[in-house]
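Close look at the chain arrangement
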Number of protein chains: 2
Amino acid sequence: MELTEDQLIEAIRKVLSGEFPGVQVGIGDDAAVVGSGTGSMVLSTDMLIEGVHFERSSISARDLGAKSIVVNVSDIAAMAASPRYAMVSLGIPVDVDAAWVMELFGGMRAACDEYALALVGGDTNRADAVVIAVAVVGEVGSGHAVSRSGARPGDIVVVTGSLGAAAGGFLLSRIHPSKLPQALAEPWGRELLDAQARPVARVGEGQTLAQAGATAMMDLSDGLAKDLSRLCSASGVGARVDLPRVPVAEALRLAAGFLEVDPAELALTGGEDYELLATIDLTNLARARGDLRERFGVTLSDVGVIIDEGLVAVDAEGRQSPLEPTGWDHFATA
Amino acid sequence: MELTEDQLIEAIRKVLSGEFPGVQVGIGDDAAVVGSGTGSMVLSTDMLIEGVHFERSSISARDLGAKSIVVNVSDIAAMAASPRYAMVSLGIPVDVDAAWVMELFGGMRAACDEYALALVGGDTNRADAVVIAVAVVGEVGSGHAVSRSGARPGDIVVVTGSLGAAAGGFLLSRIHPSKLPQALAEPWGRELLDAQARPVARVGEGQTLAQAGATAMMDLSDGLAKDLSRLCSASGVGARVDLPRVPVAEALRLAAGFLEVDPAELALTGGEDYELLATIDLTNLARARGDLRERFGVTLSDVGVIIDEGLVAVDAEGRQSPLEPTGWDHFATA
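Definitions and limits used
Sequence positions are assigned chain by chain, starting from 1 and proceeding in written order. Throughout, the order in which chains and ligands are written sets their labels, letters from A for the former and numbers from 1 for the latter. Residue-level local features of this predicted model are given only where pLDDT is at least 70; pairs of side-chain atoms are given and counted only at 80 or more, and the full residue set underlies all totals for whole chains, interfaces and linings. For side-chain calculations, the full set of non-hydrogen atoms in the structure is used, while hydrogens and water are omitted. Elements are defined by DSSP. Helices are runs of H or I of four residues or more, strands are runs of E of two residues or more, and each kind is numbered from the N terminus. It is over C-alpha atoms that the radius of gyration is taken, and the globule rule equals 2.2 Å times the number of residues to the power 0.38. For every residue, the accessible area obtained with a 1.4 Å probe (protein chains only) is divided by the maximum for its type, and the residue is called buried under 20%, exposed over 50%, and partly exposed between those limits. Here, two residues are considered to be in contact whenever any of their heavy atoms come within 4.5 Å of each other. For the purpose of counting charges, residues Lys and Arg are taken to be positive, whereas Asp and Glu are taken to be negative. His and the chain ends are not included. Lysine's charge is taken at NZ, arginine's at CZ, aspartate's at CG and glutamate's at CD. The rule is short: rings of Phe, Tyr and Trp, with Trp giving its six-membered ring, pair when the centres are within 6.5 Å, and they are stacked under 30 degrees, edge-to-face over 60, tilted in between. Both a distance and an angle decide whether a charge sits over a ring: NZ of Lys or CZ of Arg must be within 6 Å of the ring centre and within 35 degrees of the ring normal. Strand pairing follows a simple DSSP-based rule, namely that at least 2 bridges must link the two strands. Each copy is superposed on the other by least squares, with the fit set by C-alpha atoms of residues at a pLDDT of at least 70 in both. Angular values range over 0 to 180 degrees, each being the angle between N-to-C directions of two axes fitted as lines to C-alpha atoms, with helices fitted over their stretch in contact. Roughly parallel means an angle under 35 degrees; roughly antiparallel means over 145; roughly perpendicular covers 65 to 115; every other angle is labelled oblique. Charged means Asp, Glu, Lys or Arg here, nonpolar means Ala, Val, Leu, Ile, Met, Phe, Trp, Tyr, Cys or Pro, and polar covers whatever is left, Gly included. The crossing is said to be left-handed when, going from far helix to near helix, the turn is anticlockwise and less than a right angle, and right-handed when the turn is clockwise. Summed over both partners, buried area is the accessible surface (1.4 Å probe) that two parts give up on being assembled. A pair is scored as a salt bridge if a Lys or Arg side-chain nitrogen falls within 4 Å of a carboxyl oxygen belonging to Asp or Glu. Under this definition, polar contacts are N or O atom pairs within 3.5 Å; protein pairs additionally need one hydrogen-donor-capable and one acceptor-capable atom, and for neighbouring residues in sequence, both atoms have to be side-chain atoms. Domain ranges listed in this record stem from an automatic or a database domain assignment.

What follows concerns the overall build of chain A. Helix and strand content of chain A: 11 helices and 13 strands. Compactness check: chain A gives a C-alpha radius of gyration of 20 Å against a globular reference of 20 Å for 334 residues, within 12% of the reference. Each of the three principal axes of chain A carries a C-alpha extent, and together these read 65 × 55 × 35 Å. Within chain A, the fraction of its 334 residues that count as buried is 59%. Considering only contacts in chain A between residues 6 or more positions apart, those separated by 24 or more positions represent 85%. Within chain A, the 46 negative side-chain charges are centred at a point lying 4 Å from the centre of the 25 positive side-chain charges.

Next comes the structure, spelled out in structure tokens:
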């Protein structure tokens with residue numbers, strides 16, 4: 001790519017142009033200046049690295065750009081907050097052309113538009129691999145943020161939607177190219193790949209769960225088993241999970257034979273679902289479930305209960321075993 | 001390094017522990033929750049990449065951590081704002097040990113303490129090279145941010161402190177190891193290396209310049225020639241620079257023979273000074289200069305004037321030539 005930093009910033013500015021409420025100084029200055037809300041600010045950051053989180057050959061620049069925004073919006077959603085502003089720091093290798101970078105920002109812009117946040121600033125750098133670091137600022141009414149640490153023994157453990165489709169999509173993207181057409185001929189093939197490449201953040205759902213009385217909440221980025229262990233650790237409690245109640249994505253069930261995986265196992269340990277994991281008092285469960293179904297058409301599954309300590313899995317026959325906090329580790333040497 | 005992501009986050013949390021005003025939910029949750037101020041929010045992000053911005057062999061982990069914070073604080077300072085919160089996204093190669101990462105965060109923590117901001121969140125990832133992306137949120141009274149775009153013809157162009165020491169330090173760090181002891185035997189040797197490894201952000205100075213009536217302001221990260229061209233471009237004006245008035249760092253003058261460089265040229269084009277470049281009406285210059293000297297012991301040099309268009313350099317004999325916007329390009333293929 002033969003653009004200078006200034007030329008690239010100018011091109012990016014065009015992709016991102018427009019007026020956004022609250023933005024006083026946008027892209028191109030030392031820093032962005034935005035209006036501050038009346039409640040609390042919520043701050044989140046996530047990094048996507050080529051070769052670790054994605055391969056350029058298996059995701060389009062547009063999907064990658066959108067995903068880099070959505071995974072951060074998901075963190076904001078998990079606090080029951082609303083995303084407002086995003087900043088992007090980018091590392092770009094020499095062999096990436098300007099069109100790819102513009103597509104990347106096009107995807108970011110589309111995701112920002114969809115979730116009503118403004119991309120207000122960034123930093124571009126030469127690098128050996130594509131690196132995308134996004135930081136998002138959100139807003140939540142004072143005292144209304146839902147952290148990971150409020151779960152109490154007796155609370156019901158709930159998850160939105162269904163699990164494992166993104167992990168299925170990841171596996172599908174890694175199979176031999178000669179086998180891929182067979183999978184893509186089936187509706188579940190496209191659905192699994194989409195789940196991994198085009199995740200959805202549950203912003204409205206997070207706020208609805210908070211209003212319904214969620215005591216703790218987080219987004220599922222590293223798999224239910226691992227993320228639930230984190231929520232329990234933050235809250236100083238344990239949990240018992242009823243394995244048959246874990247909602248397995250239908251597309252994953254249909255793909256299980258083709259992928260030669262146990263769909264229930266993958267739903268428990270697969271990463272990147274970006275569904276919400278929450279805890280809630282039993283008396284509030286019906287209301288939460290009804291509100292989510294009515295407002296968003298999203299199911300809420302109760303998959304277990306918070307206990308004093310320990311992580312326990314119970315299978316269909318009522319047999320108990322330790323719930324191993326295995327799953328996606330973005331830090332593991334893969 | 002044999003730590004898992006969760007173990008690393010726990011270790012980092014210990015380095016960063018403490019109570020910070022305004023922080024309601026800190027490190028370890030999906031996102032940080034902080035109080036929002038009464039003015040405007042200022043948002044900045046910067047990425048440091050191993051092999052592009054630094055080599056692990058030539059800067060300590062502690063200095064690198066501090067620098068990653070300071071370069072962002074400098075962007076906030078250049079808006080006349082106060083830094084409040086920082087977030088860090090990190091990529092860490094396999095060959096980096098945990099002690100190095102702890103030193104890195106120790107340096108970040110020390111810089112955050114020095115500039116009174118709280119490190120509230122982050123994200124750690126496996127990577128092929130060390131990548132540090134920092135985002136900082138600052139605060140400024142409504143309408144008091146100073147952008148790059150307010151310079152008007154007739155305004156005086158001013159810079160804080162002196163220029164070129166960091167570029168001299170960069171050159172010094174690249175000379176043959178056998179020559180280094182000779183340079184380090186001189187006070188200027190250590191001073192130049194320090195300027196590059198331990199930059200200082202001009203937070204109070206930025207606010208003082210704003211109070212004194214600065215019409216436009218930015219920090220000097222890529223060299224006076226290049227950054228002034230950016231300020232002029234943002235303001236839709238030109239500038240004439242009196243070359244003899246550009247304040248060359250004394251240590252660089254002393255090192256010029258050893259480094260075989262033209263110190264005036266390096267002061268004009270060298271990056272990473274993190275001094276402030278501003279424009280101000282002539283009637284406000286004396287007050288700005290007096291306030292900076294009195295409050296911070298910092299000199300303010302008037303180096304030129306804003307004109308309608310074009311970038312012109314005037315030498316000691318009064319000869320004019322085009323001021324080429326050459327300098328440090330973080331995006332250049334180095």
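Next, the rest of the story.
Attention shifts here to the packing of aromatic side chains. All names here are of chain A. Within this structure, the stated rule accounts for two aromatic pairs over all chains. Pairing Trp 188 with Phe 258 gives two aromatic rings, centres 5.6 Å apart and planes at 55°, and the pair type is tilted. Here Trp 188, found in helix H6 (residues 187-197), pairs with Phe 258, found in helix H9 (residues 250-259); they are 70 residues apart in sequence, far enough to count as distant. Across this residue pair, the class does not change: Trp 188 and Phe 258 are buried. Against the face of Phe 258 rests Lys 179, its NZ or CZ located 4.9 Å from the ring centre.

A separate point is the side chain of Ser 301 of chain B. Along the chain, the position of Ser 301 of chain B falls in strand E11 (residues 300-307). Once you skip the residues sitting within four places of it in the chain, Ser 301 of chain B turns out to touch Val 157, Val 158, Val 159, Gly 161, Arg 245, Pro 247 and Arg 289 of chain B.

What follows covers helix H7 (residues 203-211) of chain B. Every buried residue belonging to H7 of chain B is among Val 203, Glu 205, Gly 206, Thr 208 and Leu 209 of chain B, and all of these are buried. Positive phi appears at Gly 213 of chain B, one or two residues downstream of H7 of chain B, with a value of about 110°.

Residue and element names in this part refer to chain B. Counting buried residues in strand E10 (residues 276-280) gives five out of five residues, a clear majority hidden from the surface. Side chains of E10 alternate between two faces, with Leu 276, Ala 278 and Ile 280 and Leu 277 and Thr 279 buried alike. Summarising the sheet, strand E8 (residues 214-219) and E10 pair through five bridges and their orientation is antiparallel. Within E10, the residue paired with Ala 216 across the bridge is Thr 279.

Further remarks concern the relation of the copies chain A and chain B. Both copies of the chain are tied together by a single rotation about an axis and a shift running along it. For the pair chain A and chain B, the relating rotation is 180°, the translation along its axis is 0.0 Å, and the fit reaches an RMSD of 0.0 Å. With respect to symmetry, the two chain copies, as superposed, fit the operation of a two-fold axis. Both copies contact each other with a shared surface, as 100% of the interface residues of chain A are interface residues in chain B too.

A few words on the sheet that holds strand E10 (residues 276-280) of chain A. Pairing between sheet strands relies on hydrogen bonds along the backbone, with the strands arranged either parallel or antiparallel. Residue and element names in this part refer to chain A. Strand order in the open sheet formed by seven strands is E8-E10-E7-E11-E9-E12-E13, with mixed pairing between adjacent strands. The open sheet has two free edges, formed respectively by strand E8 (216-219) and strand E13 (320-322), since each of these has just one partner strand. Strand-to-strand twist of the sheet, defined as the mean angle between neighbouring strand axes without regard to direction, takes the value 25°. When strand E7 (residues 156-160) meets E10, the two strands line up antiparallel, connected through four bridges. Across the sheet, residue Ile 156 finds its bridge partner in E10, namely Ile 280. Here helix H7 (residues 203-211) sits on the sheet in contact with E7, E8, E10 and strand E11 (300-307), set at roughly 5° to E10.

Glancing now at the packing of helix H4 (residues 165-174) of chain B against helix H6 (residues 187-197) of chain B. Residue and element names in this part refer to chain B. At a closest axis distance of 7 Å, the pairing of H4 and H6 adopts a crossing angle of 105°. Overall, the two elements H4 and H6 adopt an arrangement that is roughly perpendicular. Listed contacts from H6 to Ala 165, Ala 166, Gly 168, Gly 169, Phe 170, Leu 172 and Ser 173 of H4 are Gly 189, Leu 192, Leu 193, Ala 195 and Gln 196. Across the contact of H4 with H6, the residue classes tally to seven nonpolar, five polar and no charged.

Below, the discussion takes up the packing of H7 of chain B against helix H11 (residues 282-296) of chain B. The relative placement of two packed helices is expressed as an angle between their axes plus a distance between the axes. Residues and elements named next belong to chain B. Across the interface, H7 lies against H11 with an axial gap of 9 Å and an inter-helix angle of 150°. Taken together, the axes of H7 and H11 are roughly antiparallel relative to one another. Judged by the twist between their axes, the crossing of H7 over H11 is right-handed. Residues Gly 204, Glu 205, Thr 208, Leu 209 and Gln 211 of H7 touch H11, and the partners they reach there are Arg 287, Ala 288, Asp 291, Leu 292, Arg 295 and Phe 296.

For Glu 272 of chain A, which is not glycine, the phi torsion reads 70° and is therefore positive. On the basis of relative accessible area, Glu 272 of chain A is assigned to the buried category, the value being 5%.

Between chain A and chain B, the contact holds 69 residues from the first and 69 residues from the second. Interface area, chain A with chain B, both sides summed: about 5200 Å², of which 59% is carbon and sulfur. Linking chain A with chain B are zero salt bridges, by the criterion used here. Taken together, the links from chain A to chain B amount to six residue pairs in polar contact (both at pLDDT 80 or more). If one sorts the elements of the side of chain A that touches chain B by residue count, strand E3 (residues 40-49) of chain A sits on top with nine residues. Tallied by class, the residues present in the side of chain A that touches chain B amount to 34 nonpolar, 21 polar and 14 charged. Bridge count for strand E2 (residues 32-35) of chain A against strand E3 (residues 40-49) of chain B is four bridges, and the pairing is antiparallel. Within E3 of chain B, the position partnered with Val 33 of chain A by the bridge is Val 42 of chain B.

All names here are of chain A. Annotation of chain A at the domain level lists domain 1 (5-140) and domain 2 (156-322). Its C-alpha centre places domain 1 at a distance of 27 Å from the equivalent point of domain 2. With 17 residues of domain 1 in contact, the opposing surface of domain 2 contributes 18 residues. Summing both partners gives a buried area of about 1400 Å² for domain 1 against domain 2, and 55% of it is carried by carbon and sulfur. The tally of links from domain 1 across to domain 2 stands at two salt bridges. Taking the shortest distance from any N to any O, the salt bridge between Lys 67 and Glu 272 comes out at 3.0 Å. Applying the counting criterion to the domain 1 and domain 2 interface returns seven residue pairs in polar contact (both at pLDDT 80 or more).

A full pass over the atoms with the stated rule returns 36 salt bridges over all chains. Of the charged contacts in the structure, one is a salt bridge between Glu 275 of chain B and Arg 202 of chain B, with a shortest N-O distance of 2.8 Å. Remark: Arg 202 of chain B occurs in the loop between H6 and H7 and Glu 275 of chain B occurs in the loop between helix H10 (263-269) and E10; sequence separation between them is 73 residues. For the pair Glu 275 of chain B and Arg 202 of chain B, a shared accessibility class is recorded, and that class is buried. The network of salt bridges with common partners includes Glu 50, Arg 56 and Asp 95 of chain A.

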